[in-house]
Amino acid sequence: MKALFYVWVFISCAPLLVLAVMTVSTFWPYPALLPEIMSWEYYYHVFVQNDQTLNAAVTSILLAVSVAFITLMIAVPAAKALTHHNFFGKDFVKILVLLPIIVPGIAVTIGNQISMIRLGLTGTFGGVAIIHSLFALPFAIRIMSNVFEAVGNRLELQAAVLGAGPAFIFRRVTLPQIIPGLLAAFTLSFTISIAQYVTTFMIGGGRVITLTILLVPHIQGGQTHIAAVYSVLLIGAAVLSLSMMEHIVRRYYNFENVFYA
Amino acid sequence: MSKVRIENIHKSFGGNPVLKDISIDIDEGELVSILGPSGCGKTTLLRLVAGLETADSGSVFIDGRCCDDIPARKRGAVIVFQDYGLFPHMTVTANIEFGLVARKENRALRAKKTAHMLDIMQISDKASCYPHELSGGQKQRVALARACVLEPSLLLLDEPFSNLDTNLKDAMREFVSDLQRDLGITTVLVTHDKEEAFMLSQRVAVILDGCLRQFDTPRQIYARPRSIQVADFIGEANYISGTVLSGTFSCFLGNFDASGRPDGSARLMLRYDHLIADPDGGVPCQILEKKFRGRTTTYRVVTKHDPITEMYLNSPIDTLQPGSSVFVSVSAGSECVL
């Protein structure tokens, strides 16, 4: 088991290592194992010569966090309703929820772009956040539905007969139970948002600049080393913000020793 | 006036009737058991009273107030679920306080009431433990404390003892019975365990196939079941065929009072406990089989003059051997003609 785990770690980390090395290799001819000339040249290019980079990083993170929050705000009640309530057309709605990831993304985005132009949302941070959320929602609802199914509504009923109102129940009973699932859904939504390119490009119209918007032209233009720097930056930003998030949540809800004891 | 009134309740799930025309009146401070086999709809009835289900028709009145449009949290009827439903992320104290916090009672009063409950339930030393650190009996005390601290107008217990092992079960039954009497909380207990219902309650409602078959004192239900179904469910009964003629039932065991019964064939129900292995005489029988059960021994006997009629009887004597003869008589006043 342990050996398998290390194999898995190696397989998932090796490409990242290559990526990291690429960012500092000025001259790396075949078949050398390591670059022959190394420098910070590409970092200089990305951080100093391009004054958009830091802004883009901030935009990416803000966007991802907003998307994660918007997604959860919708996914939690939706998943709750789909799990514990019965209403007409429930099965149909369940399929409808998955549509944005069944239908090709580009088709969904073009359709939405027309509506967004009408609403004046194109080229705005809000518009991009909405379109990202649309693609994060199916996953988040899926995760939260499973969480609600596993948790059940027994304790909520118990709280209700003890005289608690809906808001009180949600805060004191439901929320602490679903925190691990919320974290998972948050992380996934965050990751989906931070990796979006086409949707950001189409709805943002070049006015919402994220790291991927800066990154992709470099790949297309063959400047893979600069793309590698952006990639490392993107990964770093994501890992940093997510681990901060998890750390904060764990401070408030010490759930592990209670739920998994 | 009755404290709780369940009036003509009907409930079905997906076209399948679960409860049919149930009406029960419960007096102030009374402990009533709802007794029935698994799946007879008794838990559904409890959830209806608590407001967790809606009846198809019929009403529930608590303190004379019709509860049909009152949500669960405002009814003042607290359920203690079979698996206790403790909040895993809260300490014992926080669990017990939950309802008081929801009611926005002030901190000092809350602390006082909670401490008092911890004391009554004898779990003061567990106040800062989490539920997973408690034993089954302790969990149940916390669940009871959490309900009782609210001084509910009605306490609903759903199979409260079924998750406890035998010795603990007896202790907790005693405990709950004392508690209920001391606090004077009107209580409805749902159970499939006859002994439990008989031991704890002032009256027992027997529900079979979604219908209320009999609502009476434990003694009446045991000795005077109103129908074969109830007698069968309570179990351990012999049925002896005979005939009723102008208010008297006669069979080979003798003549018994059957006033009010129409003439014709009928059956006499005799509990295993109501037949006596009598050394002084009675109907001569032969023992076919014996089963030692601890407090009593159950004998299967056959009457000598009629080798088809087998009867079972419980006796404190465990020395009689299969094959030997015995006289059997009916303990006075225990007969019940169905």
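Located above this text is the structure these notes cover.
A brief structural summary. (Residues numbered from 1 in each chain as written. Chains lettered and ligands numbered in written order. Predicted model: local features only at pLDDT ≥ 70, side-chain atom pairs only at ≥ 80, totals over all residues. Heavy atoms only, no water.)

Topic: the overall build of chain A
For chain A, the helix and strand inventory stands at twelve helices and two strands. Going from the N terminus to the C terminus, chain A shows its helices and strands as α-β-β-α-α-α-α-α-α-α-α-α-α-α. If you take every contact in chain A between residues at least 6 apart in sequence, the share linking residues at least 24 apart comes to 69%. Surface summary for chain A: the accessible area is close to 14,400 Å², and the carbon and sulfur share equals 71%. Measuring between centres, the 12 positive side-chain charges of chain A sit 15 Å from its 8 negative side-chain charges. (Helix = DSSP H or I, 4+ residues; strand = E, 2+ residues; numbered from the N terminus. Contact = heavy atoms within 4.5 Å. Areas by Shrake-Rupley, 256 points an atom, 1.4 Å probe, with all protein chains shown as cover. Lys, Arg positive; Asp, Glu negative; His and termini not counted. Charge placed at Lys NZ, Arg CZ, Asp CG, Glu CD.)

Some points on the interface of chain A and chain B
With 20 residues of chain A at the interface, the matching set in chain B holds 26 residues. In total, chain A and chain B occlude about 2,000 Å² of area from one another, counting both sides; carbon and sulfur atoms represent 72% of this. One can count one salt bridge joining chain A with chain B. Across the pair Asp-83 of chain B and Arg-154 of chain A runs a salt bridge whose closest N-O atoms are separated by 2.8 Å. In this structure, the connection of chain A to chain B is made through four residue pairs in polar contact (both at pLDDT 80 or more). Secondary-structure elements contributing two or more residues to the side of chain A that touches chain B are helix H7 (154–161), helix H8 (166–194) and helix H12 (256–259) of chain A. The greatest single-element share of the side of chain A that touches chain B, amounting to seven residues, is contributed by H7 of chain A. (Buried area = accessible area lost by both parts, 1.4 Å probe. Salt bridge = Lys/Arg side-chain N within 4 Å of Asp/Glu carboxyl O. Polar contact = N/O pair within 3.5 Å; in protein donor to acceptor, adjacent residues only side chain to side chain.)

A look at the pattern of salt bridges
Residue and element names in this part refer to chain B. What the rule picks out here adds up to 23 salt bridges over all chains. Between Arg-5 and Glu-7 there is a salt bridge whose closest N-O contact spans 2.7 Å. The class of Arg-5 is partly exposed, set by a relative accessible area of 33%. Take Glu-7: its relative accessible area is 26%, and that puts it in the partly exposed class. Between Glu-196 and Arg-173 there is a salt bridge; the shortest N-O distance is 2.9 Å. One end of the pair, Glu-196, is in helix H6 (residues 194–200); the other, Arg-173, is in helix H5 (residues 166–183), and 23 residues separate them in sequence. Comparing Glu-196 with Arg-173 shows no difference in burial state: the two are buried. Counted as one network, the salt bridges with shared partners bring together Asp-170, Arg-173, Asp-193 and Glu-196. (Buried < 20%, exposed > 50% of the residue type's maximum accessible area, 1.4 Å probe, protein only.)

Comments concerning empty space enclosed by the protein
Scanning the entire structure with this criterion turns up two cavities of 30 Å³ or more. Size it by volume and the largest cavity reaches roughly 50 Å³. Every residue along the wall of the largest cavity is listed here: Leu-144, Cys-148, Leu-155, Leu-157, Val-176, Leu-179, Gln-180, Leu-183, Ile-185 and Thr-187 of chain B. Put simply, the parts of the chain that give the lining of the largest cavity at least two residues each are helix H4 (136–148), strand E7 (154–158) and H5 of chain B. Tallying contributions element by element places H5 of chain B first for the lining of the largest cavity, with four residues. Partitioning the lining of the largest cavity into residue classes produces eight nonpolar, two polar and no charged. Within this model, the second largest cavity holds a volume of roughly 30 Å³. As for the second largest cavity, its lining consists of Ser-60, Leu-63, His-132, Ser-193, Ile-194, Gln-196, Thr-200, Thr-210 and Thr-212 of chain A. Within the residue set of the lining of the second largest cavity, elements represented by two or more residues are helix H3 (53–84) and H8 of chain A. (1 Å grid on protein atoms, 1.4 Å probe; cavity = no way out; pocket = protein on both sides within 12 Å on 5 of 7 lines; lining within 4 Å. Points joined across faces, edges and corners; volume = space filled by probe spheres on them. Nonpolar A, V, L, I, M, F, W, Y, C, P; charged D, E, K, R; others polar.)

So yeah, pure geometry; function would need other evidence.
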